[in-house]
Structure formats: structure tokens, C-alpha cells
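Chains, contacts and geometry: an overview
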Amino acid sequence: MRRCLLFIFLSCALASFRSEGVSISGVEYVRLSDWAHQFGYQAKWRQRDKILQLTGARPNVTVEIDSRKAEIAGVTVLLSFPIAAQKGAALISELDLRTTIEPLVSPRPKRKPIKTICLDPGHGGRDTGKIDGRNYEKNYTLLLASEVGSLLRKNGFNVVFTRTRDKTLDLSERAPIAQRGKADLFVSLHYHAGPSEVRGVEVYSLTPAGANSSNAGGGKSARTGSAGNMNDNNNVLLAYDLQRTIVRETGLEDRGMKRARFEVLRDAAMPAVLIEGGFMSNRGDAKKIYDSAFRKKMARAIVDGILSYKQLAGR
Ligand SMILES: [Zn+2]
């Protein structure tokens, strides 16, 4: 009975979280410590006025003033708006609480059986993707998809591929293939390129309506949602699980779970993510991307991420 009353009390407390809002450049912010209190966290500065850590019964959350980078249970997550400070208190945007932090520390995904996974090897045919000498991204995404696909089948999943050979496939054709195949999840596979010193893995889910994408440089945000936004809570959970398992199992640098409005994510009718599995422009990452033993490790990590997501959101 006491447990039951405590549960009711906690549920009411969670449902009724209110904090005095502050508007910063048109974005609504609340005091992070007020929110933390409602969710049973203790807030403590790890570095005075710079790094704040929340600890408690839920996964630890760490944020940094003036930064969009946060950590949830040690995994990097990019927020849409930077953490702000006012009178010695850390402020966080309400939108980030609602669309990123809460769905990850207190998951309430739509639950649905997860039987069929659509794997989307990026690029193909005339579209080579990133090029590093004779190495084309389109070939390595296909090799990875095949590896992930066979491991998924061994784990009892059905697998649908958007392509199984080197052919040109428009972005707009990819989500419909997943839909026709009755896929429950959509996973797009890519490799990245950038300045040679940049390395690591990024898993993207669709930017929520009204939020900024991770790489938009803080520009004006689109206020409208897409089809993919129907699955916001599930998208972010799937992306987080994959970011976590890939970083832990492959040792690739954690560049964070990010947000973007990629066409394949906008169009997807089911929870969807896009994995950038390392930088072809970085010597260390490239060696791994081209190595078949490492690819198997990456495939295992991706399947483990999907299995972990399935535990929470499957039925
Ligand atoms: Zn790509």
C-alpha cells in the first residue's frame, strides 16, 4: 500500500512539473535544479558555475553551461539549445527536457512488436558518397548492411534492405521500401568525412518540431513537424541505444547522439535512425572502416543496440 501511495505521489509530481520559465532569445528555459528535484535527482556542481551533474535513481545527467553537449549515463547527447546560466543556476530549454532528456531518463515509448528491420546502406550507383582514394562510402555501407542483416536474422528478425547491390537509389525511394516491407524500424548506414583530425561515431534521429538540428549552427529552427516526428520518443531512444552500444563495443570516439532533418528520417513511418559509423577522412577511423573484423564488431554493436531498444519499446 505504501509503495502504491508513493507511486501515485511520484506520478503526480512528474505529471505536474512546473517551473518558472525564462525566455532567452525566444526560447523557453527553466531551472534545471527545479526539474531535477521533481525527478528525484540531486544536483551538484562538478565544476563551479560550469559543469552540473544530476545523480539519483535515474541515469546520471551531466550538462555544461553555454554548451549543447550533455551526457546521459556517460553517453554524449546533443541538445538543441545550449544550457544557460542565470544568478548561479543552470537553465535548460523546456523543449530539450521534453524531447531529449525526459524520453531518455524516464522512457515512455510507444510499445509495438519489433520483428522486421529495414537496413538502408547509404548512397549507391552514381552516388558514391564520401571518397577516400579508391574507397567509396557506398561500398562500405553495403558491406556493413550485409553483416548487420545476417546477424539480425540469426537473432530472429526479418530484414528488408533498401538495396543489396551497387545501384543508384534516390533518397525519396528509401522510406517507401521500408513501408512496403512492413518494417518496424529503419536504420540508415553511412560513414562520414570532415577535417582529418575529426573522428568518431554519431547516431542521428529526426529533429523534433521547433528544435534546432545539431549541425545547423544555431540558425532559425523549422517549426513544422514531418511524418517521422510521430515517433519522436521512440526515435530518440533508438538513437541513444545505438550510440551507447557502438561507443562501448567498438571504442570509436563518442561524438554524440545528434539531430538532423535528413530526408530518410523525415519520411520514415516507423522509428528511424541514421548512423555515421566513423570518419573516412581520419586515418584511424578509416583503417577500421575498411577492416572486415572491425566491421563484424560494428555489426554486433548495432544489433545489440536494436536488442536493447526492443527490451524497452518492443512487446
Ligand atoms: Zn553518407
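Residues numbered from 1 in each chain as written. Predicted model: local features only at pLDDT ≥ 70, side-chain atom pairs only at ≥ 80, totals over all residues.

To continue, consider the overall build of the chain. From N to C terminus, the chain includes nine helices and 17 strands. On C-alpha atoms alone, the chain measures out to a radius of gyration of 20 Å, which is about the 20 Å that the 2.2 N^0.38 rule sets for 315 residues. By principal-axis analysis of the C-alpha atoms, the chain measures approximately 55 × 45 × 35 Å. When burial is assessed residue by residue, the chain has 45% of its 315 residues classed as buried. The long-range share in the chain, meaning contacts at least 24 apart out of those at least 6 apart in sequence, stands at 71%. (Helix = DSSP H or I, 4+ residues; strand = E, 2+ residues; numbered from the N terminus. Rg over C-alpha atoms; globule rule 2.2 N^0.38 Å. Buried ≥ 20, exposed ≤ 12 C-beta atoms within 10 Å, placed from the backbone. Contact = placed C-beta atoms within 7 Å.)

Another point: the domain arrangement of the chain. For the chain, the assigned domains read domain 1 (2-105) and domain 2 (116-313). Taking the mean C-alpha position of each, domain 1 and domain 2 sit 28 Å from one another. Contacts between domain 1 and domain 2 engage 12 residues on the former and 19 residues on the latter. Sorting the residues of the side of domain 1 that touches domain 2 by element identifies strand 7 (75-78) and helix 3 (94-105) as the ones contributing at least two each. Of all the elements, helix 3 adds the most residues to the side of domain 1 that touches domain 2, at five residues. Residues that form the side of domain 1 that touches domain 2 fall into these classes: seven nonpolar, four polar and one charged. (Domains from an automatic or database assignment. Nonpolar A, V, L, I, M, F, W, Y, C, P; charged D, E, K, R; others polar.)

Taking burial as the measure, the five residues of strand 9 (residues 89-93) include four buried ones, the bulk of the element. Relative to strand 9, strand 2 (residues 27-31) runs antiparallel, the two sharing three bridges. Bridge pairing in strand 9 places Arg31 opposite Leu91. Of the pairings in the sheet, the one linking strand 8 (residues 84-86) to strand 9 comprises three bridges and is antiparallel in character. The partner of Gln86 across the bridge, within strand 9, is Ala89. Hairpin connection of strand 8 to strand 9: two residues between the antiparallel strands, including Lys87 at a positive phi of 50°. (Pairing = 2+ DSSP bridges.)

Turning our attention to the sheet that holds strand 8. One open sheet holds the four strands; their spatial order is 1-2-9-8, and the pairing between them is antiparallel. Edge positions in the sheet fall to strand 1 (22-24) and strand 8, since each of these pairs with one other strand and no more. Direction aside, neighbouring strands of the sheet carry axes that sit 45° apart on average. Packed onto the sheet, helix 3 meets strand 2 and strand 9 and runs at close to 65° relative to strand 9. (Axes fitted to C-alpha atoms, helices over the stretch in contact; angles between N-to-C directions.)

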